Amino acid sequence: MSSYWPRFSREGLTNSVAPIDYLEWYIPRLQETRTHNLSFSGMQYDWQLDKLLGDSITELGKPHINDIIDPRAIIAERENVSVDNVLITHGATQGINIALLTAIAKIRDSVNGEIIVAVESPTYAPIPQTALILADKVIRMDKYPPDSKLGNWRFDRQQWQEAIAQSHIVMITPISNPSGWDLDVDDRDWIVDIAKQNDVIIIADEAYNDAYRQIDNYRSIHSYGENCLSINSLTKVYSMGPIRFGWIISDIETISLARRIFMTFSGVMASPTMKIGSAALQNLSVVDEAIAYYRRENLPLLRAVLEHHGIVWNEPPAGVFGCFELPNNLDSEYFVDHHCKANDLLAVPGSMFSDALKNWVRVAWSIEPRAFKLAVNALDESLSSALK
Ligand SMILES: Cc1ncc(COP(=O)(O)O)c(C=O)c1O
């Protein structure tokens, strides 16, 4: 049987580059276009580009260099930094590549021997697998659902401390995919302290952070100072994945190095990406409001269905997705491929993120309430047939 979770080692590969296995599972199922879809980790919002851009839609292919609005300035203002702290990239995934190349470039002259990267699990496969390509060794650090089953996912500090102490770079995802939960505040401060004590560079994939801005104690990793890199994009919270607009924020020295690396690998940003991204950045509140509306309308229906089946639901306080454990040790790939498929529903098995989550299912409430109601009914039917 195939396994789809992210790789943390090159073991068993005929060359050094691991496949992104979860896409082998996901793309064919997306192509089935099942009627009901709870599989999105990102908000589904129709930006209506003609309305967003107006007459300037015909200028999309023209160079962006002289555009009046520099999208870095909007991001810098939101993040309370200067434009020189911001590098725009083609999505968060390219941000992961450039951030890691930058971190490696910073330390290469001083490291004698292997470059080691500690990466949390469960995770988005390109994070450890970029490190497998660019660095020498990846150490896995596990995160678990809390003992009480409710609240932030946690980790064993001893395991993480040992991993970070052996590494040069640590890569985390503060708002985890698939749990949807933010790092516990003490854990976040602790990771930064341990990394700084050990002279380890921190790279945080903050692709889901913007949904948490209004939550108490929200803080982005770049704000902890030097050698802390934050990656974000318009993909997940702001529903702009197809235009590939992302960014990295860090101290000025780090960003100027990252900019050189970006230019070496990519030259300049695509003009349509910059122009659409700039327009979207000036209108983000419409999506923030839509998320609040979807949470208000959709979550009560999901809670009721899961409660009806006796399933513990650890609901994240923000964002558009979360995950739950199936009862009776049910395999989630089987659940999605048989019970959900029979009800024309797509959801995501936890095995796409970690071998430890084979009984977990990720569901999203990121779709418009009428469609969500039908999808959650299909989830109800799927659970009834799986649990009978
Ligand atoms: C943690 C994380 N980062 C980044 C991405 C992708 O972001 P982008 O489309 O901006 O590359 C995903 C998508 O699933 C993700 O889960």
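Just above, that's the structure.
Reading the values: the criteria
Residues numbered from 1 in each chain as written. Predicted model: local features only at pLDDT ≥ 70, side-chain atom pairs only at ≥ 80, totals over all residues. Heavy atoms only, no water. Pairing = 2+ DSSP bridges. Helix = DSSP H or I, 4+ residues; strand = E, 2+ residues; numbered from the N terminus. Patch = residues over 30% accessible without salt bridge, like charges linked within 9 Å, V, L, I, M, F, W, Y side chains within 5 Å. Areas by Shrake-Rupley, 256 points an atom, 1.4 Å probe, with all protein chains shown as cover. Salt bridge = Lys/Arg side-chain N within 4 Å of Asp/Glu carboxyl O. Buried < 20%, exposed > 50% of the residue type's maximum accessible area, 1.4 Å probe, protein only. Phe/Tyr/Trp six-rings, centres within 6.5 Å; stacked < 30°, edge-to-face > 60°. Lys NZ or Arg CZ within 6 Å of the ring centre and 35° of its normal. Near = heavy atom within 4 Å. Polar contact = N/O pair within 3.5 Å; in protein donor to acceptor, adjacent residues only side chain to side chain. Nonpolar A, V, L, I, M, F, W, Y, C, P; charged D, E, K, R; others polar. Contact = heavy atoms within 4.5 Å. Axes fitted to C-alpha atoms, helices over the stretch in contact; angles between N-to-C directions. Left-handed = near helix turned anticlockwise from the far one by under 90°.

A. Examining the sheet that holds strand S13 (residues 360-364) more closely. Pairing is antiparallel in the open sheet, where three strands are placed in the order S10-S13-S12. The open sheet is flanked by strand S10 (321-325) and strand S12 (348-349), the only strands paired with a single partner. Pairing analysis gives five bridges linking S10 to S13, with the strands arranged antiparallel. Its bridge partner being in S13, Glu-325 is matched across the sheet by Trp-360.

B. Representation of a nonpolar patch on the surface. A cluster of nonpolar side chains, contributed by Val-17, Ile-133 and Leu-134, occupies part of the molecular surface with about 240 Å² of accessible area. In this structure, Leu-134 sits in helix H5 (residues 126-134). A relative accessible area of 33% places Leu-134 in the partly exposed class.

C. Fine view of the packing of aromatic side chains. The final tally for this structure, using the stated rule, is 10 aromatic pairs. Pairing Phe-245 with Trp-247 gives two aromatic rings, centres 6.1 Å apart and planes at 65°, and the pair type is edge-to-face. Since its relative accessible area comes to 0%, Phe-245 is described here as buried. For Trp-247, a relative accessible area of 3% gives the class buried. The interplanar angle of 50° and the centroid separation of 6.0 Å between the aromatic rings of Tyr-293 and Tyr-294 together place this pair among those described as tilted. What links up through ring pairs into an aromatic cluster is the set Phe-155, Trp-160 and Trp-190. A cation over an aromatic ring shows up here: Arg-362 above the ring of Phe-321, its NZ or CZ 5.4 Å from the ring centre.

D. Inspection of the site of the ligand at higher detail. Near the ligand, the surroundings consist of 13 residues, among which Ala-92, Thr-93, Asp-205, Tyr-208 and Thr-235 are the closest. At a separation of 2.9 Å, an oxygen atom of the ligand approaches a polar side-chain atom of Lys-236. At a separation of 2.8 Å, an oxygen atom of the ligand approaches a polar side-chain atom of Arg-244. In isolation the ligand offers 400 Å² of accessible surface; the protein chains occlude 93% of this area. No other element matches helix H4 (residues 91-107), which puts three residues into the shell around the ligand. Of the residues belonging to the shell around the ligand, the class tally is four nonpolar, six polar and three charged.

E. Looking closely at the sheet that holds strand S6 (residues 169-172). With mixed pairing, eight strands are arranged side by side in an open sheet as S2-S9-S8-S7-S6-S3-S4-S5. Of all the strands in the sheet, just strand S2 (86-89) and strand S5 (154-155) have a single pairing partner and so form its edges. Alignment of S6 against strand S7 (residues 201-205), held across four bridges, turns out to be parallel. Residue pairing across strands places Met-171 opposite Ile-203, the latter belonging to S7. Contacting strand S3 (116-121), strand S4 (137-144), S5 and S6, helix H6 (residues 157-166) crosses the sheet at an angle of about 160° to S4.

F. Representation of the packing of helix H3 (residues 71-79) against helix H9 (residues 271-281) within the structure. Between H3 and H9, the least distance of the axes is 9 Å, while the angle of their chain directions is 35°. The chirality of how H3 crosses H9 is left-handed. Here Pro-71, Ile-74 and Ile-75 of H3 lie close against H9, whose contacting residues are Met-274, Ser-278 and Leu-281. Grouping the amino acids of the contact of H3 with H9 by side-chain chemistry returns five nonpolar, one polar and no charged.

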